Each structure stands twice: as structure tokens, then as C-alpha cells.
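These are the residues of each chain, in order.
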Amino acid sequence: MSFVLNNVSKSYGKTTALKNINLSFEKGRIYGLLGPNGSGKSTMLKLMTGLVFPDEGTVMLNEEPVTRKSSEQVAFLTELDMFYDGFTVGETVDYVASQFADFNVEKASRLLRELNLDSKKKVNSLSKGNRGRLKLVMTLARDTAAILLDEPFSGLDPMVRDSIVNSLLKYIDFENQVLIIATHEITEIESLLDEAIAIHYGEITAKEAVETLREEQGLSVLQWFKQLSIGIGE
Amino acid sequence: MGEEFQASKPIYMQIVDKITNEIVQGKKLPGEKLLSVREMAVQMGVNPNTIQRTYSELERLNIVETRRGQGTFVSDNTALMEELGRNMQDEIIKSFIQKMEEIGVDKRHLVRLLQKYLGEGE
């Protein structure tokens, strides 16, 4: 499994979302895509799952260009809430399972149990935290080559954040999967990451192995990111 | 879950220190099996690749050994484990003396201060 972005640029009308992105991702590693709101993180994830396409450059998944069909190999947790309110949790699982051939129902029910989600509850009666957990279950239960998470922690309390981190560590298949987390909440994922990628105004400003940062510069990812932001004049 | 880590030291080394401490304190016994890489990763709230590095480093230091297909175990070489404890004591004493010297306490004075502190008057 490999993801390669080669000289990728993307604009929406006159607004440039991404400029000349060159990146590659390998299985068995966890990447943090770190940047403030509007830096281009979501656009990059959408390019990788075939929801938008580059104006220039190529996005390759396993040496094939990413198309709309690539969603079969990529599980994507979006910032949007995409549930049918009238469904119960159980019906939601059945529905998602009917849409994705790789959906692992057994894994989904284990995750529901561990995250204390009641299958009989209506989705519209769930708290915000439980909706966040349910989104994660739907994403992690798919046996895909890549898992992309867009702001998985936004608006969730620390307990929910911890349980999400816990499930990630338990259920990611490190032999076969790559995990990419886009977020501006760095503290939450600092200790999970192999690599940190900083993105500002649509450009990659730096990329470092997290342990190397500590070893050679004595910096946590958050400190490193703040220094970069100061350098850029934010 | 989740430990707090310092920024200035690699996370894998901080976990090496933590496990070594537990062994010296007798919280982990010679021959005891450590958690699997994945279990330890979940417990510490860190990436499994980090734990893999921790275990490799502990193995390089002969503090643990990996038995094929069985897992990672605390070394049952008791002589070595005792030495580990002594090394740790030495290190703490050395840094203590160094700090005292930095603030101008000479060795004789230092001994007197220690005795007084421990309630063992001359």
C-alpha cells in the first residue's frame, strides 16, 4: 500500500487550496497532517479519496491514479455528520455494511461494545460525543488499505478523545494499513504519530519524524509547529 | 490511559526508563512477561512503532529478551538486574553531588548535611 502525491495543485475558483504538494505515505505508519483551519488539510484528504481531483499533478494509490472508485480502498472520516437521524445505531451499521464490501460487521460490533454504544438507540438521540464515536466506528470497521481522519476530535470532550485514541491503537492493522490524521489539535495525537507534516496556506512547510524532533531538537510536535507558525508570521 | 511525556527526550527512551525503573523497584520480576507491543501501546497511548523501539532498546541493553513466538520477558539474569539497580543508584548520587558542588557545598560538608538530614547526628 502506498499513497503518492506528485506536484499536486488544486484551486477552487480563484482560491488556491493546495500548491505543489509532494508527499508519500507508507503502510504501518501514522501521519499527522497539521495545520490551522483553511490550510488545505481537508482538500488533501479529499484528493486522496477521489472526492476532488487535482488541477495539476497526480495522486496515486498503489501506483494507480485515484478515481471515485478508490473509495473502495480508503475509509474516510469527514468533518460532516452523515447519519440518517431516523435510523438506530444498529440500522446505521447495517446500512453502512450494505454500502461497503470491506465492512467488517464483527469488528463494528466489538467497537460498539467497547465504546458503549447501544445498537437500539436512535441516532438522533445520541449525544455529540456518541455521534463522534459512531462516526469512528463506521470508519475503523472497514478493512481498507488507508484510513483518513479529518478532525476526529473536533468538539469532543477529553474522555471521548481518549477513547477514540484507544480504539485507533487497538484496531489499526499496522501490517496493512496507513493512518492519516488531519487536525489542528496536536496535543491529542502527539504520541501517536510517526511523522508530522505541517501545512500552511496550501503548502507543506515542514515534515519530520516525531522521535527525531525530540532526539535532535528537543522539541515536541506542538513546540515545533508553533516555531514554524511564528516563522511564517502567524 | 495515556502518559504524559517530556518534549526533550524521545518517547521510546522515556518508556525504556519507566520499564527499567519498574524492574529496579521490583514491580516487574526477573523472567516476567511484558505486555505485547500492541497492548503496551494501548496502555501508554503511543504508537506501536514506538513500543517496538522501546523493546529493541531494552533488548540491546540485555534488560529484556524476546523469545520467538512467546513474547518479551524481563531478563532472569539476577546478577545483571542487580547491576542495573546499582548503576541507577550511582547515577542519582553522581547528579546529586554535582548539583551540590555547583552551589558550593564541598564533600565534607555534604556528608554532614546528609547525616543531619537523615537524622543520624555525629
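Residues numbered from 1 in each chain as written. Chains lettered and ligands numbered in written order. Predicted model: local features only at pLDDT ≥ 70, side-chain atom pairs only at ≥ 80, totals over all residues.

## Some details on the interface of chain A and chain B
On the side of chain B, 16 residues touch chain A, which itself brings 18 residues to the contact. Those elements giving two or more residues to the side of chain A that touches chain B turn out to be helix 5 (158-171) and helix 7 (210-217) of chain A. Here the side of chain A that touches chain B gets five residues from one element, more than from any other, and that element is helix 5 of chain A. (Contact = placed C-beta atoms within 7 Å. Helix = DSSP H or I, 4+ residues; strand = E, 2+ residues; numbered from the N terminus.)

## Considering the confidence of the model for chain B
Looking at chain B as a whole, the pLDDT averages 90, with 97% of positions reaching at least 70. With a pTM of 0.88, the predicted complex shows an ipTM of 0.85. (pLDDT = per-residue confidence, 0-100.)

## Some remarks on the sheet that holds strand 4 (residues 56-61) of chain A
All names here are of chain A. Read across the open sheet, the four strands follow the order 2-1-4-5; overall the sheet is antiparallel. Both outer strands of the open sheet, strand 2 (15-26) and strand 5 (64-65), are each paired with one neighbouring strand and no more. Pairing geometry for strand 1 (residues 2-12) and strand 2, over eight bridges, is antiparallel. Bridge pairing in strand 2 links Ser-11 to Thr-16. (Pairing = 2+ DSSP bridges.)

## Examining the pairing of strand 8 (residues 178-183) of chain A
Residue and element names in this part refer to chain A. By the criterion of burial, strand 8 is predominantly enclosed, with five of the six residues buried. Across five bridges, strand 3 (residues 30-34) lies against strand 8 in parallel orientation. Bridge pairing in strand 8 links Leu-33 to Ala-182. Relative to strand 8, strand 7 (residues 146-150) is paired through five bridges, and the arrangement is parallel. Paired with Ile-147 across the two strands is Leu-179, which belongs to strand 8. Taking the sense of rotation as the criterion, the β-α-β connection linking strand 7, helix 5 and strand 8 turns out right-handed. (Buried ≥ 20, exposed ≤ 12 C-beta atoms within 10 Å, placed from the backbone. Right-handed = clockwise from strand over helix to strand, strands pointing away.)

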